[in-house]
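Descriptive analysis of the structure
For reference, the chains in residue letters:
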Amino acid sequence: MTWWARSKTFAGAALGRRRMERDMDAEMRHHVASYTEDLVRRGIPREQAERQARIEFGHFEPLKEECRQARGLRLVDETGQDLRYALRMLRKSPGFAAVAVVTLALGIGANTSIFSIVDAWVLKPLPYPQGDQLVQVFSANKKQDWVGEVSPADVYDWRHANQAFEEICGWTTPEFAIQTGDRPEQVIGGRVNWEFFHMLRVTPVSGRDFLPQDDRPDAAPVALLSYEFWQTHFGGDASLRGRTIRVDGADVTVIGILPAGFHFALMGPAEIFMPLALSEQELKARRLLSLQVTARLKPGFTLPHATAYLDTMARRLAESYPETNTDRGVKVQSLADAIGEQGGNDRALVVFALVGCVLLVACGNVANLIVGRAVARQKEMAVRIALGAGRARVLRQLLTENLLLFLLASALSVLLAKWGVNWIAQSIPVTFRAYLPNMGRLEVDLPVLIYTLGIGLLTGLLFGFAPAFRCWRIDANRGLKESTSRLSTGAGGGRFRNCLIVSQVSLALVVLVASGLLVKGLVRMYSSDPGFNQHGLLTARVMLSNAKYEDSKRSDAFVSEVLNNIRALPGVTSAGAATFIPYSGSDGHTTYVVDERPTPPPGSLPFVSLDRVTPDYFSSTGIAVLRGRAFTEKDTADAAPVMIINQTMARRNWPHEDPVGRQIHWGAKLDRVATIVGVVRDTKGFSDTDTLEPQSFVPEHQQPGRSVMFTIRSASSGSVFSRDIERAVLAADKDQPVTSIRFMEDLMAEREAPFLIVGQVTALFSALTLFLAALGIYGVLAYSVAARRQEFGIRMALGAARRDLLGLVVGQGLKLAVAGLAIGLAAALAVTRFMASILYQVSPTDAATFLLISALLLAVAGLASYLPARRASNLDPTRALRYE
């Protein structure tokens with residue numbers, strides 16, 4: 001059946017349905033009038049009869065219901081007709097359908113993949129009852145612009161003068177040495193105030209929770225175990241409750257098992273929980289900032305209320321303890337936001353916004369395709385309207401076709417989204433998952449599927465309505481008279497398509513600039529020198545027991561013995577140890593003042609990173625000593641205190657002097673004095689952004705610590721060498737576990753993984769955006785060339801050179817591209833300012849990136865314009881003049 005015959009059938013059916021509706025309405029009015037006359041004949045006044053008829057109109061409800069059912073059946077029948085017709089039209093244009101569906105599926109699938117992350121890590125509520133009432137509290141110093149942990153004494157004061165919180169709990173995440181088999185093991189644990197799990201509204205599935213008497217320094221040690229730890233290490237033994245296990249060399253009674261799946265993201269993979277049990281001396285410590293603080297707001301209290309209350313407390317404590325609490329304020333943040341900052345929610349939201357631009361570019365392309373197709377069908381629509389088809393009926397038919405396209409794309413996008421989610425999930429390092437909400441689990445679940453369907457419907461309505469509405473405004477007489485080419489070159493349609501192209505180019509520029517900044521930072525991250533030699537450097541971490549190694553001389557002797565054992569291993573060229581090493585995810589700080597200089601007021605003392613290292617640490621890591629000397633075995637506890645600083649520390653305090661030989665007062669009370677004996681090269685890896693910070697080093701012999709990171713340089717590799725390292729530690733102490741035996745290159749890759757994932761995702765989607773933008777420009781110009789075929793034939797017949805036509809079409813494309821670039825540059829400058837926190841040593845207004853991306857887009861636009869321009873210049877004037 002031809003489209004002409006289909007149009008007549010379509011119009012005839014529409015007229016028939018209208019007649020049926022008119023007949024039904026007339027029948028309804030007839031029955032109502034008859035009922036009224038019957039009442040009048042019974043002697044009831046007409047006004048009362050009409051009123052009674054209206055009251056008794058319910059007697060005709062079956063007739064009304066019959067009419068409703070008839071209308072519903074007609075609507076279902078017409079919708080079925082629309083869908084069948086839409087499918088036939090798509091089968092007739094398989095190229096159009098394939099391009100439109102795949103383009104949309106790429107845009108919607110990309111959005112669905114990133115929405116899976118946003119849904120899992122941002123939108124889903126915390127897995128605790130009334131989780132929106134949980135907050136995280138930090139110490140803050142506005143003058144020095146830092147936010148961090150809280151002193152135990154401050155927490156103690158908050159707990160005893162509490163007016164805004166139901167519970168306030170301090171906690172830390174130590175590492176515990178346990179022995180459940182033949183070999184000791186190191187596990188992440190948590191030391192918490194006794195109300196911690198009551199605050200989270202988490203109840204043990206077996207046993208009991210902590211009690212107030214458990215949180216005393218003289219109480220018998222007790223522990224709660226995570227369900228997973230109980231299963232993997234004790235086989236789910238139900239008799240474990242009430243028994244003791246060895247933790248840090250002491251007997252600890254297991255009092256309960258936490259629910260399966262319990263996870264507190266800020267603690268990471270914590271598996272054993274014990275009471276904080278602070279001593280009187282620790283409770284009075286105000287200089288030591290050592291506790292994380294989580295609290296639950298009282299009903300009716302909000303974050304501003306809590307902040308105002310704690311600000312008042314901070315001012316009172318500053319007045320009472322000016323030496324330690326001057327300029328020490330607080331920062332209160334919802335627990336969800338605190339977990340989100342740790343898990344990189346800002347990166348996920350930025351990528352989500354950029355991928356939204358990809359969807360808009362894809363929708364713009366499909367809208368252009370639909371507009372071109374709708375214009376080409378204007379004669380068909382004019383015939384339908386002339387035969388009596390209602391404009392609303394034609395509009396609904398076109399909207400049905402467009403929605404079908406978008407829904408087919410949504411179905412395909414689910415498959416693409418599932419692939420994207422799996423790819424992103426597999427890219428997340430295993431050790432990083434424990435610090436993410438829901439343990440970093442990602443899946444295409446029901447909310448994501450609803451989101452996908454909603455995006456498909458919304459985009460179908462938004463970007464399908466404009467082309468359909470254009471056909472609504474068709475003048476049937478003009479449509480029947482004019483040729484398709486003249487209809488196609490209408491000013492309104494051309495302006496609409498040009499606006500879409502300008503919008504696509506501007507959105508593409510925003511995505512490409514943002515991606516370019518991220519990729520540039522990624523390149524710098526991988527290409528910049530970290531300040532040490534990471535190749536062939538093996539690391540091993542040991543956390544010494546507080547009870548067993550309380551004597552600093554004993555811990556120093558242990559470290560020395562382990563280093564001697566490691567150096568005796570085949571292939572080892574050097575070995576050292578430090579409290580913190582680059583890319584380990586932790587560091588320490590202390591306050592300091594330079595000798596013979598004024599001491600700043602309390603609260604304004606500068607901070608410096610402090611590390612305890614052995615003499616061979618610098619040689620094993622390859623950190624160069626630029627001035628003075630490294631530490632030696634003579635720098636013992638009985639020798640004069642010495643210190644080594646890095647270049648940044650030297651520049652900050654002695655910009656034009658040699659710091660070697662100068663003295664520094666350091667420590668919480670500035671009661672320790674050390675002489676600077678050397679300056680070493682700056683090293684990266686101690687901060688999230690790798691900004692170079694002042695660093696200081698003291699000899700491990702003079703300041704032994706319980707956290708030890710061994711650095712071993714050797715040509716050997718693999719599990720055999722790892723077991724050798726473990727045997728070297730056990731030879732010094734058979735009960736001391738060793739953890740995290742890893743190569744430095746693996747540590748660096750893990751630390752850089754969040755940046756890498758964001759860079760890879762945005763690079764992939766920016767390439768897709770560039771392709772879609774080029775496709776959009778090509779499609780509009782190719783359509784324009786086809787519609788203006790007669791015009792180009794006349795131009796050539798009148799003497800226009802081929803290069804003139806080539807320049808005309810390319811110029812049209814470049815004009816659209818330049819307009820889009822102008823808008824896009826302004827938008828990109830505004831958008832990239834919000835990305836500063838996730839950019840690695842790159843300015844959000846980096847001029848080179850903006851210029852390079854603009855030039856790239858302009859070149860792609862020129863190439864996309866050249867192809868249809870070349871077709872226009874190769875037209876045969878004779879054939880073009882005979883066209884239509």
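Everything numeric in this text was worked out from a predicted model, so none of it was measured. (Residues numbered from 1 in each chain as written. Predicted model: local features only at pLDDT ≥ 70, side-chain atom pairs only at ≥ 80, totals over all residues. Heavy atoms only, no water.)

1. Considering the overall build of the protein chain
Helix and strand content of the protein chain: 28 helices and 23 strands. Out of the 884 residues in the protein chain, the part that is buried amounts to 50%. In the protein chain, the proportion of contacts linking residues at least 24 apart, taken out of those at least 6 apart, comes to 81%. Summed over all atoms, the accessible surface of the protein chain reaches about 40600 Å², with 58% contributed by carbon and sulfur. (Helix = DSSP H or I, 4+ residues; strand = E, 2+ residues; numbered from the N terminus. Buried < 20%, exposed > 50% of the residue type's maximum accessible area, 1.4 Å probe, protein only. Contact = heavy atoms within 4.5 Å. Areas by Shrake-Rupley, 256 points an atom, 1.4 Å probe, with all protein chains shown as cover.)

2. Topic: unusual backbone geometry
For Gln130, which is not glycine, the phi torsion reads 50 degrees and is therefore positive. Considering the arrangement of structural elements, one finds Gln130 in the loop between α4 (94–123) and β1 (134–141). One non-glycine residue, Tyr583, adopts positive backbone phi at about 65 degrees. Turning to its location among the elements, Tyr583 is positioned in the loop between β14 (572–578) and β15 (589–594).

3. A few points about the nonpolar core
One finds Leu442 and Leu857 to be the most contacted residues of the largest nonpolar core, which totals 61 residues. Looking at this core, the elements that each hand over two or more residues are α4, α12 (345–376), α14 (391–427), α19 (491–527), α24 (744–787), α26 (802–831) and α27 (847–873). Leaving out residues up to four positions away in the same chain, Leu857 has contacts with Val505, Ala508, Leu509, Leu512, Leu770 and Leu821. Tyr128, Phe196, Leu224 and Ile255 belong to the second largest nonpolar core, which has 26 residues in total. (Core = buried A, V, L, I, M, F, W, Y, C linked by side-chain atoms within 4.5 Å.)

4. Some remarks on the packing of helix α5 (residues 152–160) against helix α9 (residues 303–320)
Between α5 and α9, the shortest axis-to-axis distance is 11 Å and the interhelical angle comes to 120 degrees. Accordingly, the angle class assigned to the pair α5 and α9 is oblique. As for the relative orientation of α5 and α9, their crossing is right-handed in sense. On α9, the residues touching Asp154, Asp157 and Trp158 of α5 are Tyr309, Leu310, Met313 and Leu317. (Axes fitted to C-alpha atoms, helices over the stretch in contact; angles between N-to-C directions. Parallel < 35°, antiparallel > 145°, perpendicular 65-115°, else oblique. Left-handed = near helix turned anticlockwise from the far one by under 90°.)

5. Side note on the packing of aromatic side chains
Under the definition given, this model contains 17 aromatic pairs. Here Tyr128 and Phe264 contribute two aromatic rings whose centre-to-centre distance is 6.4 Å and whose plane-to-plane angle is 45 degrees, an arrangement assigned as tilted. Of the two residues, Tyr128 is situated in the loop between α4 and β1 and Phe264 in the loop between β9 (250–257) and β10 (272–275); the sequence distance between them amounts to 136 residues. Judged by relative accessible area, Tyr128 falls into the buried class, the value being 6%. Through successive ring pairs, a cluster of aromatic residues spans Tyr128, Trp171, Phe196, Phe197, Phe210, Phe262, Phe264 and Phe273. When the ring centre of Tyr321 is taken as origin, the NZ or CZ atom of Arg286, which lies over that ring, is 3.7 Å away. (Phe/Tyr/Trp six-rings, centres within 6.5 Å; stacked < 30°, edge-to-face > 60°. Lys NZ or Arg CZ within 6 Å of the ring centre and 35° of its normal.)

6. Considering α9
With 18 residues, α9 extends 26 Å between its outermost C-alpha atoms, agreeing within 8% with the 26 Å of an ideal straight helix rising 1.5 Å per residue. Along α9, the residues classified as buried are Ala306, Tyr309, Leu310, Met313, Ala314 and Leu317. Seen from one end, α9 has its buried residues packed into an arc of 140 degrees, which puts them on one side. Of the residues in α9, the exposed ones pointing more than 90 degrees away from the buried face are Pro304, Arg315, Arg316 and Glu319. Residues of α9 that are buried make contact with β1, α5, β3 (165–172), β11 (292–297), α10 (322–325) and β12 (329–334). (Expected span 1.5 Å × (residues − 1). Arc of directions from axis to C-beta.)

7. So, the pattern of salt bridges
Under the counting rule described, the total for this entry stands at 20 salt bridges. Where Arg286 meets Asp157, a salt bridge forms, and the shortest distance between an N and an O atom there is 2.7 Å. Placement of Arg286 in the loop between α8 (280–283) and β11 and of Asp157 in helix α5 is noted, with a sequence separation of 129 residues between them. As far as burial versus exposure is concerned, Arg286 and Asp157 are alike and both buried. Of the charged contacts in the structure, one is a salt bridge between Asp635 and Arg629, with a shortest N-O distance of 3.1 Å. (Salt bridge = Lys/Arg side-chain N within 4 Å of Asp/Glu carboxyl O.)

8. Overview of the side chain of Gln702
Among the structural elements, Gln702 can be located in the loop between β21 (695–699) and β22 (707–714). With relative accessibility at 15%, the residue Gln702 sits in the buried group. A distance of 3.2 Å separates the side chain of Gln702 from the backbone oxygen of Thr636, its partner in a polar contact. With near-sequence residues (within four places) excluded, Gln702 lies in contact with Asp635, Thr636, Ala637, Ala639, Ala640, Pro641 and Val642. (Polar contact = N/O pair within 3.5 Å; in protein donor to acceptor, adjacent residues only side chain to side chain.)

9. Topic: the pairing of β10
Residues Ile272 and Met274 of β10 are buried on one face, and the alternating residues Phe273 and Pro275, pointing to the opposite face, are buried as well. Of the pairings in the sheet, the one linking strand β5 (residues 185–192) to β10 comprises four bridges and is parallel in character. In the sheet register, Gly189 faces β10, and the bridge partner there is Ile272. Bridge analysis of strand β7 (residues 222–225) against β10 gives two bridges, and the strand direction is antiparallel. (Pairing = 2+ DSSP bridges.)

10. Examining the pairing of strand β18 (residues 642–646)
Among the five residues of β18, five are classified as buried, and the element is accordingly described as predominantly covered. Residues Val642, Ile644 and Asn646 point to one face of β18 and Met643 and Ile645 to the other, with burial holding for every one of them. Sheet topology places β18 next to strand β20 (residues 672–680); five bridges connect them, and they run parallel. Considered in β20, the bridge of Ile644 is made with Gly678. With two bridges joining them, β18 and β21 adopt antiparallel strand pairing. Looking at β21, one finds that Ile645 is bridged to Ser696.

11. Side note on a nonpolar patch on the surface
On the surface, Val102, Leu106, Leu412, Leu415 and Leu416 cluster together into a nonpolar patch covering about 380 Å² of accessible area. Only α4 and α14 provide two or more residues apiece to the nonpolar patch. When residues of the nonpolar patch are assigned to their parent elements, the largest contribution, three residues, is made by α14. Residue position: Val102 is located in helix α4. (Patch = residues over 30% accessible without salt bridge, like charges linked within 9 Å, V, L, I, M, F, W, Y side chains within 5 Å.)

12. Concerning the side chain of Ser766
The residue Ser766 is located in helix α24 in this model. Its relative accessible area of 8% is what places Ser766 among the buried residues. Other than its neighbours up to four places away in sequence, Ser766 contacts Val511, Leu512 and Ser515.

13. Side note on the environment of Val99
For Val99, the position within the fold is in helix α4. Residues Val99 and Asn365, 266 residues apart in the sequence, show an inter-C-alpha distance of 9.6 Å.

14. Notes on the environment of Arg201
Residue position: Arg201 is located in the loop between α6 (196–200) and β6 (206–207). Between the C-alpha atoms of Arg201 and Pro127, which are 74 residues apart in sequence, the distance is 9.9 Å. Every residue in contact with Arg201, bar those within four places of it in the chain, is listed here: Pro129, Gln130, Glu166, Glu167 and Arg296.

15. Details of the confidence of the model for the protein chain
For the protein chain, the mean per-residue pLDDT works out to 79, and 82% of the residues sit at or above 70. A low-confidence stretch, residues 483–489 (pLDDT under 50), is modelled with 20 contacts involving residues beyond four sequence positions or located in other chains. (pLDDT = per-residue confidence, 0-100.)

16. Things to note about the environment of Ile664
Along the chain, Ile664 falls in strand β19 (residues 663–666). Linking Ile664 and Val594, residues 70 residues apart in sequence, is a C-alpha distance of 4.8 Å. Non-local contacts of Ile664, meaning those with residues more than four positions away in its chain, are made with Tyr592, Val593, Met643, Met649, Trp654, Arg672, Val673, Ala674 and Ile676.

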